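# Residue-level structure breakdown
Residue strings, one per chain:
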Amino acid sequence: MEISSEDLELCASILEDEITVVQSVYPESSRVNQEGLTGESPSDVSIVLEIPVDLGETREVKIIDDGTIAASSAAVSPGTSATNEEGNTVTQSSQNNITTTKTATNPDPHSTISHAQDTQQTATLQLSSLPPIIVSLQLPPAYPLHAPPEILSLHSTHAWLSPSLVSCLRAKVFSLWDECRASGEGVLWRLVQYVRNGDFIPELSLLDDTAGAASTDTTITTAVPLRIPHAAPQLLAPRLQAYDAHLASSLFDLKTFTCAICLSPHKGSACIALSCAHVFCKDCLREFWGTCIAEGEVERVMCPDEECVKGGRKAREEEVRSVVLDERVVERWKWIRQKIELEKDPTTVHCPMEWCQAPVRRPRAVKEEEEESQWDRLRTCQSCQYSFCVLCKRTWHGPLTVCPPSVTMPFVLEYMSAGADSPKRREIERRLGKNNIERLVARYQEEELNKKWIDQSTMACPGCEVKVEKSLGECQSVCPFRAAGERLRPGSPVDR
Amino acid sequence: MADARTRRVKKEIQDIQNDRQAGLTIELVNDSIFHLIGSFPGPPGTCYEGGKFDVDIVVPETYPFVALKMKFLSKVYHPNISSASGAICLDILKDNWSPILTLKSTLISLQSLLCTPEPNDPQDAEVAKHYLTSKSSFEETARYWTETYARPQTNEGRGAPSGTSKTSHLPTVRDEVAMAGLERAHVEQFEALGFERGRVIEVLKRINYRGANVPKISEDTVVEELLK
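Cut-offs applied
- Residues numbered from 1 in each chain as written.
- Chains lettered and ligands numbered in written order.
- Predicted model: local features only at pLDDT ≥ 70, side-chain atom pairs only at ≥ 80, totals over all residues.
- Heavy atoms only, no water.
- Helix = DSSP H or I, 4+ residues; strand = E, 2+ residues; numbered from the N terminus.
- Buried < 20%, exposed > 50% of the residue type's maximum accessible area, 1.4 Å probe, protein only.
- Contact = heavy atoms within 4.5 Å.
- Areas by Shrake-Rupley, 256 points an atom, 1.4 Å probe, with all protein chains shown as cover.
- 1 Å grid on protein atoms, 1.4 Å probe; cavity = no way out; pocket = protein on both sides within 12 Å on 5 of 7 lines; lining within 4 Å.
- Points joined across faces, edges and corners; volume = space filled by probe spheres on them.
- Nonpolar A, V, L, I, M, F, W, Y, C, P; charged D, E, K, R; others polar.
- Core = buried A, V, L, I, M, F, W, Y, C linked by side-chain atoms within 4.5 Å.
- Buried area = accessible area lost by both parts, 1.4 Å probe.
- Salt bridge = Lys/Arg side-chain N within 4 Å of Asp/Glu carboxyl O.
- Polar contact = N/O pair within 3.5 Å; in protein donor to acceptor, adjacent residues only side chain to side chain.
- UniProt positions renumbered as here; feature names shortened; annotations may be inferred.
- Pairing = 2+ DSSP bridges.
- Axes fitted to C-alpha atoms, helices over the stretch in contact; angles between N-to-C directions.
- Phe/Tyr/Trp six-rings, centres within 6.5 Å; stacked < 30°, edge-to-face > 60°.

Take the overall build of chain B next. Secondary structure assignment for chain B yields 8 helices and 4 strands. Counted from the first residue to the last, chain B has its helices and strands arranged as α-β-β-β-β-α-α-α-α-α-α-α. For chain B, buried positions account for 51% of its 228 residues. Relative to all contacts within chain B whose residues are 6 or more apart in sequence, the contacts with residues 24 or more apart total 54%. Just so you have it, chain B exposes about 11,000 Å², and 50% of that area is on carbon and sulfur atoms.

Laid out in structure tokens, this is it:
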């Protein structure tokens, strides 16, 4: 077919227009070899489009094992898919494409073997973008009206599109060109939009049909998760994740935020987005949290937004770390927080060592109904390793030896004076163990009865002061330790 | 940091001055931007409607990381505001302070505090008792206080502890009794027994001799209290 020079000029002007549009709207997406464009004689123009895929919002992306590794011994590994990038530049048909990847598999046997073993892996991610698809086009002088663009290469960064999908996309480039030609336009702008907005996703059946959504209509339904078949999901997943995170953070760094604390605008790089998505400048937050930590008000170390303050959402450790920077301040924050946490726990007692005083927790959560052993009195201070009895606070004296009554008396009396089921009793029970305190109370009551009986029915032997039961009337009582027959006389020394 | 504080406070003052819609005003005291007098209109549809309430604001050294110090200069009859000193019981001025709160948002919070009294967490126990006993009588008193102390375009009542001297155009008798939210008949009843009016008002106020409480408190109890 002969093409007139007017036609060629028209083509050149359409091309020039569309390149200008693409370059001005997405300067980062396109690289043009300008030679052909500016030269006197019409020649091929080459353009490389690096088109990131914007999913609009965070969506679930499932990477499923496409079974290539399991199916053949000469499996396609991600390492080899990456070689596609070079392979594609030489060959154009999808048939050749696969052959290239197969031969390229061999230099990388290690990854093929290690991942061939675990088949049918699926990785699920939350992403808002996918790595760019890179299209290298050669545009002949008769493009776009009379000749299609020549695809020098088409591949995806990190090879997240499997070879078969790449060939589908290639075919789509030509059909798009055909559509655009009918309306007298070039394909570049359309192609960039098509990839960038993710319009190709439903057409390449990357939507997860199992989720019950109809993939027949080609609009992206936001609820439908993406399904990307890939030879090695476990290798691809971290790369996609990293790309997404990198993109998000570089976008964040470029944006400008108005810090609600200093009321001044700051570049994203000087700001931090907390896990609740509120953004503050790091300087203000450092000052605020630093003041709170210095004054011991760690309860206030949280997102300053009103909602978060009301909700009591505390700051996370990595947030405090990235804001405060000073390791000593972070340590202090953690220390006070831990202390408050421990002091909230009613089972906590303080280490009796005067120089230590560290809070000591009950070793395990004991159900109240559960039988407590005498070992339950044992506490070991995590800070100074001192092992002690929780009741008498003295060095651990084993499960059998009882605590001296003089030490346990105060809180036994306190416990008994509090009414049954009073909060005071509950508190003591929780701190010392219900069974422990009940045993002590029983022993105390027995002791008391004993004492009462001794007072009433015994008297001390005047010679050795051993209490002797007055069994047969005072005059009949006999001290068993003295010589038989020695009588206890009334009016003998007072009992002690 | 000090200049960051200055910058922020200046911005906040400007913000209030630019926004005429909210009806807030802010003035400097002794030309210092760290001691201010803010004011806001009483919320419509409440017993504070039509009033203009002045608030003394001190911006602390470590602002905005610690709360603004605020107290009412206009006398307000409200369970969470001291009727004597103007001290305010509001969570965001205490534990729930956050550095993103500003002069404007705090003044608006005070305005909304007037709409939503919290009698269970009172600053002024007598007022709170009054509120819980008889809401209609409380509202009447609060309205009276608003008319007396918080009238716009006058400085009347600002920080003045005694209402009588400033409101000479109103009958003094009505004044004192209404100010305490009591029934005139009750006051006169005990006054007739030979007790001083001031003393009667003080005691009746303290024992909350209002509405549903009146039948519960015997006259003898009141007289005993008066004689103490």
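Once the structure has been displayed, the description carries forward.
Okay, the overall build of chain A next. The number of helices and strands found in chain A is 17 helices and 15 strands. Residue burial in chain A is summarised as follows: out of 496 residues, 41% are buried. For chain A, contacts bridging at least 24 residues in sequence account for 55% of all contacts bridging at least 6. Summed over all atoms, the accessible surface of chain A reaches about 26,200 Å², with 54% contributed by carbon and sulfur.

For the rest of this paragraph, the subject is the side chain of T106(B). Residue and element names in this part refer to chain B. Within the secondary structure, T106 sits in helix α2 (residues 103-115). T106 sits in the buried class, given a relative accessible area of 0%. Look past the residues within four positions of T106 in its chain and what remains in contact with it is L68, M70, I92, L93, W97 and L101.

Further remarks concern the layout of surface pockets. All names here are of chain A. In this structure, the largest pocket occupies an estimated 560 Å³ of space. Forming the walls of the largest pocket are 24 residues, and the residues nearest its centre are D54, S129, L247, A248 and L251. At the level of elements, β2 (45-65), β3 (122-139) and α10 (233-254) are the ones that each hand at least two residues to the lining of the largest pocket. Residue contributions to the lining of the largest pocket peak at 7 residues, all from β2. Taken together, the residues that form the lining of the largest pocket break down as 10 nonpolar, 7 polar and 7 charged.

Ranked by internal contacts, the top residues of the largest apolar core, which has 50 residues, are L49(A), I133(A), W160(A), L188(A) and F200(A). What F200(A) contacts, discounting residues up to four positions off in sequence, is V53(A), I133(A), W160(A), L169(A), Y194(A), V195(A) and L206(A). If you look at the next biggest cluster of nonpolar residues, it comprises 43 residues, including L24(B), C47(B), M70(B) and F138(B).

For an interface, size is often stated in terms of accessible area lost upon the parts coming together. Listed per partner, the contact involves 14 residues of chain B and 16 residues of chain A. Carbon and sulfur atoms supply 64% of the area that chain B and chain A bury against each other, a total of about 1,400 Å² over both sides. When the area that chain B buries against chain A is broken down by residue, the three leading residues are K11(B), F65(B) and I100(B), summing to 41%. The interface formed by chain B and chain A contains 0 salt bridges. Taken together, chain B and chain A are joined by 4 residue pairs in polar contact (both at pLDDT 80 or more).

It is worth spelling out the UniProt feature "active site" (unreviewed entry) in chain B at this point. Cross-referencing UniProt, the feature "active site" (unreviewed entry) maps to C89(B) in the present numbering. Overall, C89(B) belongs to the buried group, its relative accessible area being 12%.

Residue and element names in this part refer to chain B. What the 4 strands build is an open sheet, ordered β1-β2-β3-β4; its pairing is antiparallel. Both outer strands of the open sheet, β1 (25-29) and β4 (69-72), are each paired with one neighbouring strand and no more. In this sheet, neighbouring strand axes are inclined to one another by 25° on average, regardless of whether the strands run parallel or antiparallel. Here α2 sits on the sheet and contacts β1, β2 (32-41), β3 (52-58) and β4; the angle it forms with β2, its principal contact strand, is near 35°.

This part is about the side chain of S137(B). Within the secondary structure, S137(B) is located in helix α4 (residues 135-149). Aside from chain neighbours lying at most four places away, what touches S137(B) is H130(B) and G181(B).

Turning next to empty space enclosed by the protein. Residue and element names in this part refer to chain A. Tallying each qualifying case throughout the model produces 5 cavities of 30 Å³ or more. What lines the second largest cavity is simply Q374, R377, L391, C403, N436, R439, L440 and R443. Across the lining of the second largest cavity, the residue classes tally to 3 nonpolar, 2 polar and 3 charged.

Taken as a whole, this structure holds 15 aromatic pairs over all chains when the rule is applied. Between the aromatic rings of Y194(A) and F200(A), the centroid separation amounts to 6.4 Å while the plane-to-plane angle is 55°, which identifies the pairing as tilted. With respect to class, Y194(A) is no different from F200(A); both count as buried. Judged by centre distance (4.8 Å) and plane angle (85°), the rings of Y131(B) and F138(B) are edge-to-face. For F138(B), a relative accessible area of 2% gives the class buried. Put simply, the rings of Y77(B), Y131(B), F138(B), W145(B) and Y149(B) pair up and form one aromatic cluster.

This brings us to the environment of W189(A). Looking at the secondary structure, you find W189(A) in helix α8 (residues 188-196). Between the alpha carbons of W189(A) and Q23(A) there is a distance of 9.6 Å; along the sequence they are 166 residues apart.

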